[in-house]
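For reference, the chains in residue letters:
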Amino acid sequence: MDFDMLGLAPRLVTVLKEQGITDPTPIQTQAIPHAMNGRDVMGLAQTGSGKTAAFGLPMIHALMKAGVKPNPKTARGLILAPTRELAKQIADNLTAYTKGSHLKVALVVGGAGIVAQTKRLAGGVDLLVATPGRLIDLLDRRAVRLDETIYLVLDEADQMLDMGFIHALRRIAPLLAKDRQTMMFSATMPKLMGELANTYLTDAVRVQVNPPGQAVKKINQSVHFVAQAAKTDLLVELLDKHRDELAIVFGRTKHGCEKLYKVLEKKGFAAASIHGNKSQGQRQRALDAFKAGKTRVLVATDVAARGLDIPDVRFVYNYDLPNVAENYVHRIGRTARAGADGSAVALVAPDEMIELKDIEKAMKETIPVASGREWDILPGQKKRPNGGGGGRRGGGGNRGGGQRASGKPGGGQAKPGGRRRNGGGGNRSRGQSAA
Ligand code: AMP
């Protein structure tokens, strides 16, 4: 199977070939024919699966064929993405795929100058990649209108649910052309996604590459049961064994990530951090340095790292477990990309046992133990308060409350108790916002 056989315009196939894209990935083989037939598509696929091309190529093909110039301040296709980095990545890919054509691709995201974005939209664009917040800003300023937008893509749609983008979507969707094609891509399929699909898709074809909730098989997963206060030492020890490999460390809160990153830097690691307290420029620079291998350890919150296509990440450390089990699947999906091997290591403190159980349930597997002994779940123990969304779901946290450390996790260096929170990244007061 090649792209010719999927029915894409020869010109487009040539451009792809020049970029080394010759064989469609499974999600492309499945989604492209339906999308080319004008069907709505619900795709279950992670970043790295080639999903940008899966939704992008059919739109580019159709827009090239139509040969209609967009009217001023309009966009023919709209791609909504949850984070600025992901939006930029999509725009970069689409720009590469439209090389040599008359098609115009624009990126509008927060944290970048709105004047330049307004100018870019003035003449009309074929494909507009946007984060919802900035798009609404531009709509309010009448810099763009969407009534001639006949393609809508919601990428990483599950992440949009997490972040409450649903409200933005409710405002944006009715502004689009009634007769349009909608495609939705998501790495996981939580219940709410079904509702979203019912609201915005019509008679959609569902395509998927990995069954929802299951990670790619090549990932070596392990868990260390370790007191909160001993996590940083253990992380340093583990990172030290593979100094030359790229590793992403996930923390729950912006402050926690920043603190942890500083500790790692002091310990001599080439580290960087990305989270919502960093400016867009800082985030992009950190990401570029990491992609180039100049920094080896990237400390990140979920929101900042979601959907990023970073090849060659060998290790994903869950310094804190995510509050939402699906995010675990996303996090560990950052490693073992493109058939490479990868390891996902979780550091689990006593009060993260409920999260761990949730994750294992969602994954339908038990994660092998690398060190320490499983903590008991105390009667009445609840999930930790969510670090995310500005305290939307607060309440019920009992960090380490009276739990006794059983065993000696982390190569015997753990301090029992798990009460102290001086572990570098363990700064989690209630309501503290993540990302
Ligand atoms: P995505 O899942 O869309 O983020 O794509 C991940 C990476 O794979 C991007 O850098 C794409 O340029 C690349 N890619 C997409 N489709 C193909 C393909 N059929 N063959 C090789 N590389 C691809």
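Please read these numbers as outputs of a predicted model, since none were measured by experiment.

One pass over the structure, following the stated rule, counts two aromatic pairs. Considering the side-chain rings of Phe 315 and Tyr 317, the 5.9 Å spacing of their centres and the 10° angle between planes classify their relative orientation as stacked. With respect to class, Phe 315 is no different from Tyr 317; both count as buried. Its guanidinium or amino end placed over the ring of Tyr 319, Lys 231 lies 5.6 Å from that ring's centre, counting from NZ or CZ. The ring of Phe 269 is capped by Arg 243, whose NZ or CZ atom sits 4.0 Å from the centre of that ring.

Before going further, it helps to examine the sheet that holds strand S6 (residues 181–186). Pairing is parallel across the open sheet formed by seven strands, whose spatial order is S3-S4-S2-S5-S6-S1-S7. Looking at which strands have only one partner, the edges of the open sheet turn out to be strand S3 (105–108) and strand S7 (205–208). Averaged over all pairs of adjacent strands, the angle between their axes in this sheet comes to 15°, without regard to strand direction. Relative to S7, strand S1 (residues 41–44) runs parallel, the two being bridged by four bridges. Of the residues in S7, the one forming a bridge with Met 42 is Arg 206. Contacting strand S2 (75–80), S3 and strand S4 (125–130), helix H4 (residues 84–97) crosses the sheet at an angle of about 170° to S3.

Attention now goes to the nonpolar core. Leu 57, Ile 79 and Leu 94 are the most contacted members of the largest nonpolar core, which has 40 residues in total. Those elements that place two or more of their residues in this core are helix H1 (10–18), helix H2 (26–36), helix H3 (51–66), H4, S4, strand S5 (151–154), S6 and S7. Considering every element that reaches this core, the biggest residue donor is H3, with eight residues. Setting aside anything within four residues of it in sequence, one finds Leu 94 in contact with Thr 52, Gly 56, Ile 60, Ile 79, Val 105, Leu 127 and Val 129. Listed in part, the 35 residues of the second largest apolar core include Ala 75, Leu 139, Phe 165 and Met 184.

Before going further, it helps to spend a moment on the sheet that holds strand S10 (residues 271–274). In space, the seven strands of this open sheet follow the order S10-S11-S9-S12-S13-S8-S14, with parallel pairing throughout. With one partner strand each, in any of the chains shown, S10 and strand S14 (369–371) form the two edges of the open sheet. For this sheet, the mean inter-axis angle between neighbouring strands, taken without regard to orientation, is 25°. Pairing of strand S9 (residues 246–250) with strand S11 (residues 297–300) involves four bridges; the strand directions are parallel. When the sheet's bridge partners are listed, Ala 247 is paired in S11 with Val 297. Packing against the sheet, helix H10 (residues 231–240) makes contact with strand S8 (219–225), S9, S11, strand S12 (313–318) and strand S13 (342–348), and its axis sits at approximately 165° to S13.

All right, on to the confidence of the model for the protein then. Per-chain confidence: the protein averages 84 in pLDDT, with 84% of residues scoring 70 or above. Long-range and interchain partners of residues 212–216, a stretch whose pLDDT sits below 50, account for 10 contacts in this model, where long-range means more than four residues apart. Segment residues 388–434: pLDDT under 50, and 113 contacts once partners within four positions in sequence are set aside and those in other chains are kept.

For the rest of this paragraph, the subject is the site of the ligand. Close to the ligand lie 14 residues, the nearest being Asp 23, Gln 28, Gly 48, Gly 50 and Thr 52. Taking Gln 28, its side chain carries an N or O atom lying 2.7 Å from a nitrogen atom of the ligand. Notes on the ligand: free accessible area 490 Å², of which the protein chains cover 77%. Class assignment for the residues of the shell around the ligand results in four nonpolar, seven polar and three charged.

Calculation criteria
Residues numbered from 1 in each chain as written. Predicted model: local features only at pLDDT ≥ 70, side-chain atom pairs only at ≥ 80, totals over all residues. Heavy atoms only, no water. Phe/Tyr/Trp six-rings, centres within 6.5 Å; stacked < 30°, edge-to-face > 60°. Buried < 20%, exposed > 50% of the residue type's maximum accessible area, 1.4 Å probe, protein only. Lys NZ or Arg CZ within 6 Å of the ring centre and 35° of its normal. Pairing = 2+ DSSP bridges. Helix = DSSP H or I, 4+ residues; strand = E, 2+ residues; numbered from the N terminus. Axes fitted to C-alpha atoms, helices over the stretch in contact; angles between N-to-C directions. Contact = heavy atoms within 4.5 Å. Core = buried A, V, L, I, M, F, W, Y, C linked by side-chain atoms within 4.5 Å. pLDDT = per-residue confidence, 0-100. Near = heavy atom within 4 Å. Polar contact = N/O pair within 3.5 Å; in protein donor to acceptor, adjacent residues only side chain to side chain. Areas by Shrake-Rupley, 256 points an atom, 1.4 Å probe, with all protein chains shown as cover. Nonpolar A, V, L, I, M, F, W, Y, C, P; charged D, E, K, R; others polar.

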